[in-house]
Each structure stands twice: as structure tokens, then as C-alpha cells.
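Coordinates in review
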Amino acid sequence: MLNEFDFIRVLEKLRTEKNMSIVELTAGIMSRRTYSRLLSNETRINMLDLVRLVDRLGFPFIEFVQYAHNVVFMENIHEYEFLTLIYNENYKDAYDNYYKKIKSKINKLRTPFAKSTTIILFILEEKMNIISKDILLERLRELVDLDFIFGQPILLDDYIEILYFYTPFATQEEKERIVIYLYETLVKNTRLILGHSVEMTTLKGFSILQRAIRKTPENRVIAIETIQAAMQYILRSSLAPEDVNVLLAMNELNDYYQISPYILFYLMAALRTTPGERFKQLRKEIYTEANVKTYLQQLEAFQKIDTTLCEEIIKNAIKSLQSA
Amino acid sequence: MQSNLYKVLDDLRQIYGISVSDFCKGVIDERTYYRYLSKDSTSSLSRFLDLLHTANIPLVVFLIYALHFRNDTASASFLRFIYRAHRGKYDDILPHYNNLKNNPGVNQHIAQAVNAYILRYEYDTNALSKEEYIKKLDALIATLPEEFDILTIFAHFFRFEMKENPTNQEIKRFYTFIDKHDFKLSPLFSLNLYDLYLDYALRNPHLNVENLQEVYDKLATVVAYFPNRYYLGKKYLFQAFLAYINKNLDYKELLIKYYVNAVLIYSPKVLERNIATINTALNIDVLALVKEAMLSK
């Protein structure tokens, strides 16, 4: 959550970048003394004065708010790095580098991932043997309110993080509710998705959904529609490493439902180029002799297609749907 | 302006299904809320933030909704157009291009970057000849302040790219801005600028553009937080280029990563074009390298 002083700091940063003097900025709006008091956080500003100052700097107000959001996010990027390390199952680094810092500010987190960060702190504690699995489950049941998330008109990045980390611990009944919720939101577009990165939020949603779909003949249509929608999203966003997580889950569905030969090819290429220890490890598992042979065959075949790889996989999914 | 912000806030209140009385409870009275909504009577910034906070609406939701989802199609298209135009991803760019052409000047400041990208897109798709493109860029630059900022700099850079005999002084001016500008303010525009700068150096190795390592370091820092495959691939490519200049053999592995990643985002035709440039610049057969590397895992 941004506070008023964050806006003042960013205003001052922009003023100095624009080489505008304080007198030029404040003339007719407020005294220099008031501006100095704002900078030392000794007084408050009313919104109209702030809008006027921002206007004088030549920035639309919404853009200015975005700058403020960016600055606070980047200043507190360690909160996001912590979350990313846990997401990539790099528990030791998360513990060594961030645990104490995050724990000490758990009620004062500044990025938009406050709720999920609280949850992953407990997951990390369990991984590092600080708490038992029973305690972890107890904490998760206290903290995760699926009814609240499912009842919201907007799917936020913080909720997706919660679902991502909670789903492996969910009961079968909860998993089925999560599948319905995510299928409606992501495939049928029934909710607005918002967040620091809508792309990242959506892709994480697809990886949770694909992993939670039970592989049965009855779920064939849901699985194909999900793969099609996920690929369409990857085509739009091309975001690593989230696409790898989507593809890992997609590859498992593809093994069962046999939708497109290019999914394994795509996964192997994505794994090869995504930085991170976890992906290096996964590469060792996926790069079997047989898979490498398939990769090289697909590389030859790829050179003959006239669209992108994503579009080719989408075409394959549509064909599968028609024959389903 | 303030009432516009309150209108966005009120849209979100309705999406969240919160009544006005619940929304205002404990922060302001309803009459004051309606006054803010209908005209620019002065509200404190804290009060505005309190309304968001009390309704449990994160600022990021307000921001993204205001930028991308409000019934203002041109605003929604700004970033989407730039994102596509910068990457040369034209397959789904047309609706955004049309929105912007039909609604010019909705957001004057961002428009300074958007207009530059529109001209570049028109030139790239042969809607403008080289002469027309240069003429229009000059006309656009004439309307901009002389001092660069992170949005106006793109018109200047695109014009610079078209110069047949660029001077070191001109290149340095861009680096001076890159060095001074705090990327935290606008990471994505900064990233585009770093990409343009390094790409220019790669395509013109004879010019010995300076400070490549410094710009690369900045690009790598931002890419770590925005790991879109386009930027990730460019990071590998620039890293390979620097390694090649420094006679470090790691450049081969980096080129493989660039190629394998590029397969994921480009069609074979576009990829072939990109690779031809690299093969020539670095005197290498990238595809042969990839096949060899895959076999050795």
C-alpha cells in the first residue's frame, strides 16, 4: 500500500530529473516552505495541490501514480524476490537471504503480495524444519479463505499466489472447486484479472488449473480448452519462467490426451533458455535421449510451418476439440 | 482531473458490489463523495487512499483498471501498441493502432512516445516512405522540449537511427540520459530504450558505440523483473555480442540460447531474417551450433 509520502518522494524525484526549480514547480500553488515541509514529511498535501504540481511537471496524474507504484515496488523488490525463490522451490536461498527480513516486516509488507507472502513464510518454515507439517496445515486452514477469493469480482495476483501455494495441500473437494473457479475465470473469461502483472497472474492461474484437472476421459474437453486458452495466452505474453510452469503441466495433460507433438518441443526449448537452478534440474529430467531426438525432428518440422509455434499448437488443439 | 480519479474509483466500487454508504463509512460522508465525483472540490490525498484501503481495493487494481480497462479504448491501447510495435509483433497490432489513430492526444504525455512508435510502425509496414518517415519524425521532434525525458526520447532515437552519418556526440547524448535516468520510475520504457541502444550497437559494430556493458547491465537488471521471452532473448543476444567483442567463447552458448528462445516467439520466416543478421555480424552458423548443442544436452 502506497502512502502519501511516497507520492511526495516521487514528485521530488521527477522534479530533479526534469531540472525544474522548486520555485518554478510551486509558484501559485504553495509556498516553498510548505513544499520543504512536505519533503520532510512534516505536513500533508491536499489532492488538488498534488494534481496541480504533477500537472506542472507535465505528467498525467495516472502516469504519476504509476511511477509512484513502480518506485515503491522496485524499492521493496526483495519481497517479490523472496516470493519468486519459493515459487522456484529455492528454499535455502530464500531462507538465507530474505527470511529474517521478511519475517520482521510481515505486517508491513509494501508490494501487493502481502497475503500470499504470509502464507509462503509458513511454507518455508516447514521446509526448513522450523515448524511441523501439522502446524503448517493448521496455519494454512486459518489463513486461506477460498470462499472469499471465489466471491471476489476480480482475480488478483495475490489470490493466484495463494492458490498456487495452497492447492498442493487442498482436499480433493477443494481442488475441484479450484478447477471450476479457474476454468470459469481463465477459459470462459467470467472475471476481470488484475495485478502487478496481469500476464504473470494469468499464466500462474493456468499452471494451477492444468495441474488440478484430474486426468479422466470425461475431462478431455476441459483439458483441451484449457490448453488452447493457455497457449493463446502464452502467444500474447511470452513470459518466462511462468510459461515453463504452464508447459510442464500442459505436457503432462498432453501425455494423457495426445493433443500436439509440439508441446514437448516447446517445453524443451523453454527449459533450455530459462535461467534458474530449478530449470537446470528439470532439464536433466526432460532431456532424455528419446526426447532430444524428438526435439531435433520437430526443429526440422518447425522450419516448414508458416506461423509461430504457439499458433501451431492452438491449431492442433482446435482439431482435437473438433474430433472430441 | 480529480473527479476523473473518483470516477475510476466509483467504477471499481460498483465492480466490487459495494454500496456508496458502505464505501464511505468511516472515511467521508456520502454527500462529500458525490461532490468529489461530480466536480473538482478539494479532497485530501490521504482520504482518497483511505477509501481504497477501507474497501480493500489495492492501489495496483485502481491503477491497472484506470490504465487498461476503463471505457477509454485509446488509453487501453497505449501500452499494448507500444509493447507490440517495439517487438515488431504486428499480427494483432491493428486494433490498437486504429484506436490510437482515431483518438489522438487522449493522454498527451504518453502520446509523445506513442506517436513516435506509430511512425516507426508505419515506416516498417511500408505505409510511409523513408523520406516521409524522416519528415514526420522531424515534425514530431519540433513539438517536443529539447531536454529528453523517458517518453520523448523515443522520437529522437528513431530519428537518430535513420541518420547516415551519426556522430559520437549524438550517441553519447542518449547514453548520458540512460545513465542519469532512474529506471525504477518507468521500467518498461527504460527497457525499450536500453534494447534500442544495444540493438543499434549490434547492427552497427563499426561505430564502436561506447558504454555497452553499462547499458547491458541495466537491461539485465530490469529483465530479471520483466522476463518476457522477447527481452530475455535480447539479453542473451547482447550478452553474446559483448562476449564476442571481448573474445570470450561463451558467446556461442549464449547465441544458442538466443536461437532456441527465438524459436518460441518468432515464425520461421522472421527468425530466419534475424539469424541472417547475426550470422553476418558474428560470422557464425547459429543453427548448426544449436543442433550440435542439443545433442550434447
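About the thresholds
Residues numbered from 1 in each chain as written. Chains lettered and ligands numbered in written order. Predicted model: local features only at pLDDT ≥ 70, side-chain atom pairs only at ≥ 80, totals over all residues. Heavy atoms only, no water. Helix = DSSP H or I, 4+ residues; strand = E, 2+ residues; numbered from the N terminus. Buried < 20%, exposed > 50% of the residue type's maximum accessible area, 1.4 Å probe, protein only. Contact = heavy atoms within 4.5 Å. Areas by Shrake-Rupley, 256 points an atom, 1.4 Å probe, with all protein chains shown as cover. Lys, Arg positive; Asp, Glu negative; His and termini not counted. Charge placed at Lys NZ, Arg CZ, Asp CG, Glu CD. Salt bridge = Lys/Arg side-chain N within 4 Å of Asp/Glu carboxyl O. Core = buried A, V, L, I, M, F, W, Y, C linked by side-chain atoms within 4.5 Å. Phe/Tyr/Trp six-rings, centres within 6.5 Å; stacked < 30°, edge-to-face > 60°. Lys NZ or Arg CZ within 6 Å of the ring centre and 35° of its normal. Expected span 1.5 Å × (residues − 1). Arc of directions from axis to C-beta.

Concerning the overall build of chain A
Per the secondary structure count, chain A includes 19 helices and 2 strands. Projecting the C-alpha coordinates of chain A onto the three principal axes gives extents of approximately 70 × 50 × 35 Å. Taking all 324 residues of chain A together, the buried fraction comes to 60%. Long-range pairs, those at least 24 residues apart, make up 68% of the contacts in chain A between residues at least 6 apart in sequence. Split by element, the accessible area of chain A, about 13,700 Å² in all, is 49% carbon and sulfur. Across chain A, the centroid of the 41 positively charged side chains sits 3 Å from that of the 43 negatively charged ones.

Observations regarding unusual backbone geometry
Between A:Ala240 and A:Pro241 the backbone carries a cis peptide bond, its omega angle lying at -5 degrees. With respect to the secondary-structure elements, A:Pro241 resides in the loop between helix H14 (220-237) and helix H15 (242-257). The residue B:Asn56 is not glycine, and still its phi comes out positive at about 65 degrees. Examined against the element boundaries, B:Asn56 turns out to sit in the loop between helix H4 (45-54) and helix H5 (59-69).

Section: the pattern of salt bridges
All names here are of chain A. Within this structure, the stated rule accounts for 35 salt bridges over all chains. A salt bridge links arginine 9 to glutamate 75, with the shortest nitrogen-to-oxygen separation between them at 2.8 Å. With a gap of 66 residues between them, arginine 9 in helix H1 (residues 4-17) and glutamate 75 in helix H5 (residues 61-75) connect regions that are remote in the sequence. Judged by its relative accessible area of 28%, arginine 9 falls in the partly exposed class.

Quick notes on the nonpolar core
All names here are of chain B. Ranked by size, the top nonpolar core spans 248 residues in total, and within it Phe62, Phe81, Phe154 and Tyr197 carry the most contacts. By residue number, the principal contributor to this core is helix H15 (residues 251-265), which donates 11 residues. The residues touching phenylalanine 81, leaving out its near neighbours within four places in the chain, are Ile93, His96, Tyr97, Leu100, Val114, Tyr117, Ile118 and Tyr121.

Observations concerning the packing of aromatic side chains
The geometry of an aromatic ring pair is captured by the separation of the ring centres together with the interplanar angle, meaning the angle of the planes. All told, the structure shown has 38 aromatic pairs over all chains when counted by the stated rule. For the ring pair B:Tyr6 and B:Phe48, a centre distance of 5.3 Å and an interplane angle of 70 degrees mean the geometry is edge-to-face. Taken together, the residues span a long stretch of sequence, with B:Tyr6 in helix H1 (residues 2-15) and B:Phe48 in helix H4 at a distance of 42 residues. One aromatic cluster is present, built from ring pairs that chain together B:Tyr6, B:Phe23, B:Tyr33, B:Tyr34, B:Tyr36 and B:Phe48. Between the NZ or CZ atom of A:Lys18 and the centre of the ring of A:Phe59, over which it lies, the distance is 5.3 Å.

Points about helix H9 (residues 130-142) of chain B
Residues and elements named next belong to chain B. Between its first and last C-alpha atoms H9 spans 18 Å; for 13 residues at 1.5 Å apiece the expected length is 18 Å, and the two agree. Residues Tyr133, Ile134, Leu137, Leu140 and Ile141 constitute the buried set of H9. One face of H9 carries all of its buried residues, which in axial projection span an arc of 125 degrees. With respect to the buried face of H9, the exposed residues turned more than 90 degrees away are Glu131, Lys135 and Ala142.

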